[in-house]
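Here's the letter readout for the chains.
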Amino acid sequence: MRHMVAEKTGIGATGHITQANHLGFTSLTTDLPLLIIVRRGRKIIRGPGHEFVVEAGEAIAIAQGQVLDFENIPAEGGAYEARWMVFDTEIVAAFGETGNTLGTIGMETVMPARLLGPMRDGFLMAFEQAVAALEDHGDLPEIVVHHRVTELLTWLKAGGLCFSPLLPDSFSARIRRLVGRRPGQAWTSAAISSALGVSDATLRRRLQHEGCCLRDVLTDIRMTHAMQLLQSSVLPISAIAASSGFESQSRFAIRFRHRFGFPPSAIRGRAFPG
């Protein structure tokens, strides 16, 4: 069984989730178009006016920029398992420009999400090939990796679905993209402002207009990063804390519990208070 997060810049990323306890994660932001296939157990996704239930063997496509609640329910006598894949906005945009040979009549945009149901054998094969390509350590040419991931977008299009074009960039989204590449770095307001080409005052004003502040955005990025590593890797919690920008594992655990309502160890099956 693979436990890792694999990424190819400009193409996409993938990970294998294993979760022992029945847990929920509130207000998670989908920074990129997302595809999830549930292997064991059940997943419930909730958003304003929407609820999606994904059973074992089924898949769901989720649009970029959604803020949703996720509940993972283990199989009876076992764990919850799923495989996720995100598509870089570059590959989605390129597909939108060149992938029109199937036509656009009757196409539906994935917004906020779309249940795909049980997957056809051909789709599953394409998905596994895309996963293997993203996990490749350099043997495959980048153009082949790009092709295999794009094939999944073609399968969606053959079923009458497509991800939406690029969304207008909010400042919080730009920060999530910037910091998400290196969440363990000691990011400061000055460093982020400089990277985004604005002044500190402009950054604060834009974030206030979006109803958030820099500290909360940074914390959410780091907690989401940590949650993904806890689900998709075998790294010790101390290493995940450091990767998420925390020198102290205890401080990390406190912040994680405050964000999600349970300690980091709960994801991997250790007992925890209700």
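Here's what I pulled together on the structure shown here. (Residues numbered from 1 in each chain as written. Predicted model: local features only at pLDDT ≥ 70, side-chain atom pairs only at ≥ 80, totals over all residues. Heavy atoms only, no water.)

1. What about the sheet that holds strand β5 (residues 42–47)?
Either a parallel or an antiparallel arrangement is found when strands of a sheet pair, and the pairing is made through backbone hydrogen bonds.
Now for step 1: With respect to topology, 4 strands assemble into an open sheet ordered β3-β8-β5-β6, the strand pairing being antiparallel. Strand pairing shows two members of the sheet lacking a second neighbour, β3 (23–29) and β6 (50–55), which therefore form its edges. For this sheet the average axis-to-axis angle between neighbouring strands, irrespective of direction, equals 20°.
Now for step 2: Of the pairings in the sheet, the one linking β5 to β6 comprises 6 bridges and is antiparallel in character. Each bridged residue has a counterpart across the sheet, and for Gly-47 the counterpart in β6 is His-50. (Pairing = 2+ DSSP bridges. Helix = DSSP H or I, 4+ residues; strand = E, 2+ residues; numbered from the N terminus. Axes fitted to C-alpha atoms, helices over the stretch in contact; angles between N-to-C directions.)

2. Brief notes about the nonpolar core
Considering soluble globular proteins, one finds that nonpolar side chains tend to be buried as a cluster.
Now for step 1: Judged by nonpolar contacts, the single largest core of 35 residues is most densely connected at Ile-62, Phe-252 and Phe-256.
Now for step 2: Here the element with the most residues in this core is helix α7 (residues 214–232); it accounts for 5 residues.
Now for step 3: Setting aside its immediate chain neighbours within four residues, Phe-252 contacts Met-223, Ala-226, Ile-237, Ile-240, Ala-241, Ser-244, Phe-246 and Pro-264.
Now for step 4: Core analysis: the next-biggest nonpolar cluster, separate from the first, contains 27 residues, Ala-61, Val-92, Val-110 and Leu-156 among them. (Core = buried A, V, L, I, M, F, W, Y, C linked by side-chain atoms within 4.5 Å. Buried < 20%, exposed > 50% of the residue type's maximum accessible area, 1.4 Å probe, protein only. Contact = heavy atoms within 4.5 Å.)

3. Details of the pattern of salt bridges
Now for step 1: The final tally for this structure, using the stated rule, is 10 salt bridges.
Now for step 2: Across the pair Arg-114 and Glu-108 runs a salt bridge, and its minimum N-O distance is 2.6 Å.
Now for step 3: Among the residues examined, Glu-108 registers a relative accessible area of 42% and is labelled partly exposed.
Now for step 4: Among the charged side chains, a salt-bridge network with shared partners connects Asp-31, Arg-176, Asp-220 and Arg-259. (Salt bridge = Lys/Arg side-chain N within 4 Å of Asp/Glu carboxyl O.)

4. Observations concerning helix α2 (residues 121–135)
Now for step 1: In this model α2 runs 21 Å from its N-terminal to its C-terminal C-alpha over 15 residues, within 8% of the 21 Å that 1.5 Å per residue would give.
Now for step 2: Looking at the buried residues of α2, the elements they touch are β1 (5–8), β2 (12–19), β4 (34–40), β9 (80–87) and α3 (142–158). (Expected span 1.5 Å × (residues − 1).)

5. Some points on the packing of aromatic side chains
Now for step 1: A complete count under the given rule lists 9 aromatic pairs for this structure.
Now for step 2: When the ring of Phe-25 is compared with that of Phe-262, the centres are 5.5 Å apart and the planes differ by 80°; the resulting orientation is edge-to-face. Placement of the pair is Phe-25 in strand β3 and Phe-262 in the segment after α9 (249–260), with a sequence separation of 237 residues.
Now for step 3: Put simply, the rings of Phe-25, Phe-246, Phe-252, Phe-256, Phe-260 and Phe-262 touch in pairs and so form one group of aromatic residues.
Now for step 4: The aromatic ring of Phe-171 is capped on one face by Arg-174, whose charged end is 4.9 Å from the ring centroid. (Phe/Tyr/Trp six-rings, centres within 6.5 Å; stacked < 30°, edge-to-face > 60°. Lys NZ or Arg CZ within 6 Å of the ring centre and 35° of its normal.)

6. Regarding the sheet that holds strand β11 (residues 113–118)
Now for step 1: If you walk across this open sheet you meet the 6 strands as β1-β2-β9-β4-β7-β11, and the pairing is antiparallel. Taken across any chain shown, the strands that pair with only one partner, and hence form the sheet edges, are β1 and β11. Pairwise comparison of adjacent strand axes, ignoring direction, gives a mean angle of 15° for this sheet.
Now for step 2: Its contacts with the sheet place α2 against β1, β2, β4 and β9, and it is angled at close to 105° to β4.
Now for step 3: Here α7 sits on the sheet in contact with β1, β2 and β9, set at roughly 65° to β2.

7. As for the packing of α7 against α9
Between two packed helices, the angle of one axis relative to the other and the distance separating the axes together describe the packing.
Now for step 1: Look at α7 against α9: their axes get within 10 Å of each other, and the N-to-C directions meet at 95°. If you check the angle between α7 and α9, you find them roughly perpendicular. Residues Arg-215, Thr-219, Asp-220, Met-223, Ala-226, Met-227 and Leu-230 of α7 pack against Phe-252, Arg-255, Phe-256, Arg-259 and Phe-260 of α9.
Now for step 2: Residues belonging to the contact of α7 with α9 are distributed by class as follows: 7 nonpolar, 1 polar and 4 charged. (Parallel < 35°, antiparallel > 145°, perpendicular 65-115°, else oblique. Nonpolar A, V, L, I, M, F, W, Y, C, P; charged D, E, K, R; others polar.)

8. As for the side chain of Asn-72
Now for step 1: Inspection of the secondary structure assignment puts Asn-72 in strand β8 (residues 67–73).
Now for step 2: Judged by relative accessible area, Asn-72 falls into the buried class, the value being 1%.
Now for step 3: A polar contact of 3.1 Å, which involves the side chain of Asn-72, links it to the side chain of Gln-19. (Polar contact = N/O pair within 3.5 Å; in protein donor to acceptor, adjacent residues only side chain to side chain.)

9. Description of the packing of α2 against α3
Now for step 1: α3 packs onto α2 with a crossing angle of 150° between their chain directions and a minimal axis gap of 8 Å. Compared by their axis directions, α2 and α3 come out roughly antiparallel. In this structure, α2 meets α3 at a crossing whose hand is left-handed. Counting all contacts with α2, which are made through Gly-122, Phe-123, Ala-126, Phe-127, Gln-129, Ala-130, Ala-133 and Leu-134, the residues of α3 involved are Val-145, Arg-148, Val-149, Glu-151, Leu-152, Trp-155 and Leu-156. (Left-handed = near helix turned anticlockwise from the far one by under 90°.)

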